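Below, each chain spelled out in residue letters.
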Amino acid sequence: MARLRLNNVTKIYGKDVYAARNVNCDIADREFAVLVGPSGCGKTTILRCIAGLEHVSSGEIYIDERCVNDVPPKERNIAMVFQNYALYPHMTVYDNMAFGLKMRHYQKKEIDERVMETARILGIEDLLKRRPRQLSGGQRQRVAVGRAIVRQPKLFLFDEPLSNLDAKLRVQMRAELARLHKRFQTTILYVTHDQVEAMTLGQRIIVLKDGAVQQVADPTTLYTHPDNAFIAGFIGSPPMNFITGTIKRTNGAVVFQNSEIKIPLNDRFRTQADKAIILGIRPSDFSMKQGTPITLTIDVIEPMGSEIYVYGRCGEVLLSARLTTGDVHPMIGQQLTLKVDTTKIYLFDAKTEKTLS
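Residues numbered from 1 in each chain as written. Predicted model: local features only at pLDDT ≥ 70, side-chain atom pairs only at ≥ 80, totals over all residues. Heavy atoms only, no water.

1. Comments concerning the environment of Ala 98
In step 1: Take Ala 98: it is sitting in helix α2 (residues 93–103).
In step 2: Separated by 53 residues in the primary sequence, Ala 98 and Arg 151 have C-alpha atoms spaced 8.7 Å apart.
In step 3: If sequence neighbours within four positions are ignored, Ala 98 has contacts with Ile 111 and Val 115. (Helix = DSSP H or I, 4+ residues; strand = E, 2+ residues; numbered from the N terminus. Contact = heavy atoms within 4.5 Å.)

Here you go:
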């Protein structure tokens, strides 16, 4: 397989439109890495630069310590699965999967063996004579993955391959991709804007915002120790609640305070009294049991089976909470008092939005 390294990769369109800003990352051999961020943050552009479909404005891209900036796409030994699958509509499934091997002048016997083995692994043996228009979205996605696998490249690039599938099929295909990675032990860089996909698939996640890398870490670290408020709000579903306020010293105690809410803080923040901050609370860290009380007026209720999502207001502050069904029976307009575990709150500098240690 392959190690992939990006060294200060920058891509500029025109004079000042930055799609990527000094992107640095190092993806190990056989690692499943995910590049995640909101739409328009530069994820696909970076992927296309790695594949050679776009030229970088500055910086270097290394595959197995070889700089490939000036290497043509066909010589990089990379397979890319596109968002729209990019299958040839006039070819059968078999011919779509075999096309890349034919262009590389493989023997017919080897082509047939590779295609049949890959089709068996993906469960599409009975689809080989069909054309793309005769396939469902999930079947097309399998064919696109099969076309990449059959080439046995050093590196796989996936550009939001599940975004066109329905919710149930996305879950199934996430599991399928994880199994394929375990089976083939391939190096994969996977692009998505869906943080659930990122958290469930990635061994390490690269979080991108406005073309710049915000943090690179494993899923648990990103969730529990985000470097800034953007990451904290992007990772986790429903997203984190943010409340602006100030650190105050009151009667010897240190508290977070705004016009509506007061929450006790660890004494180590004593030296930062009067500092403007953003307090973060994950919806899952509200409960009906122990903690500091916050009362909200319920606006929206979303029953989710074993859980229930509650959205409401505490004065002008909008809050969401994820509660266990049965612990509470909320109604629209009800005043609901929730408890906050203050050991699980997050604090961010109001100016820089960096996490306060």
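2. Side note on the sheet that holds strand β11 (residues 241–250)
In step 1: The five strands are arranged β13-β12-β11-β14-β20 in an open sheet whose pairing can be described as antiparallel. The strands lining the two open edges of the sheet, one partner per strand, are β13 (262–264) and β20 (346–349). Pairs of neighbouring strands in the sheet enclose a mean axial angle of 40 degrees, with direction left out of account. (Pairing = 2+ DSSP bridges. Axes fitted to C-alpha atoms, helices over the stretch in contact; angles between N-to-C directions.)

3. Thoughts on the packing of helix α3 (residues 108–122) against helix α5 (residues 167–184)
In step 1: At their nearest, the axes of α3 and α5 sit 11 Å apart, and the two run at 135 degrees to each other. On the basis of their axis angle, the class for α3 and α5 is oblique. Of the residues in α5, those touching α3 at Glu 117, Arg 120, Ile 121 and Leu 122 are Glu 176, Leu 180, Arg 183 and Phe 184.
In step 2: Among the residues forming the contact of α3 with α5, the class breakdown is four nonpolar, no polar and four charged. (Parallel < 35°, antiparallel > 145°, perpendicular 65-115°, else oblique. Nonpolar A, V, L, I, M, F, W, Y, C, P; charged D, E, K, R; others polar.)

4. Examining helix α1 (residues 43–51)
In step 1: Of all nine residues in α1, seven are buried; the element is thus mostly enclosed.
In step 2: Along α1, the residues that are buried comprise Lys 43, Thr 45, Ile 46, Leu 47, Cys 49, Ile 50 and Ala 51.
In step 3: Phi for Gly 52, located one or two positions after α1, is positive at around 90 degrees. (Buried < 20%, exposed > 50% of the residue type's maximum accessible area, 1.4 Å probe, protein only.)

5. Considering unusual backbone geometry
In step 1: Note the cis peptide between Ser 237 and Pro 238, where omega equals -5 degrees.
In step 2: Note that Pro 238 resides in the loop between α8 (229–234) and β11.
In step 3: Here Asp 64, not a glycine, exhibits a phi torsion of approximately 55 degrees, which is positive.
In step 4: In this structure Asp 64 comes out as partly exposed when scored by relative accessible area, which is 33%.
In step 5: Backbone geometry places Asn 251, a non-glycine residue, at a positive phi of 50 degrees.
In step 6: For Asn 251, the position within the fold is in the loop between β11 and β12 (253–257).

6. A word on the confidence of the model for the protein chain
Caution applies to low-pLDDT parts of the model: their predicted coordinates are not meant to be read in detail.
In step 1: Mean pLDDT over the protein chain stands at 92; residues scoring 70 or higher make up 99%.
In step 2: When the elements of the protein chain are averaged for pLDDT, α5 gives the smallest value, 86, and strand β10 (residues 212–217) the largest, 97. (pLDDT = per-residue confidence, 0-100.)

7. Comments concerning the pairing of strand β8 (residues 187–192)
In step 1: Burial of β8 is extensive: six of the six residues sit out of reach of the surface.
In step 2: Here strand β3 (residues 32–36) runs beside β8; their pairing, made up of five bridges, is parallel. When the sheet's bridge partners are listed, Val 36 is paired in β8 with Thr 192.
In step 3: With five bridges joining them, strand β7 (residues 155–159) and β8 adopt parallel strand pairing.

8. Quick word on the pattern of salt bridges
In step 1: Overall, the coordinates contain 18 salt bridges when judged by the stated rule.
In step 2: Note that Glu 54 is salt-bridged to Arg 48, the shortest N-O span being 3.5 Å.
In step 3: With its nearest N and O atoms 3.5 Å apart, the salt bridge here joins Asp 95 to Lys 102.
In step 4: Among the residues examined, Asp 95 registers a relative accessible area of 27% and is labelled partly exposed.
In step 5: Connected through salt bridges with shared partners, the residues Arg 3, Arg 5, Asp 26 and Glu 65 form a single ionic network. (Salt bridge = Lys/Arg side-chain N within 4 Å of Asp/Glu carboxyl O.)

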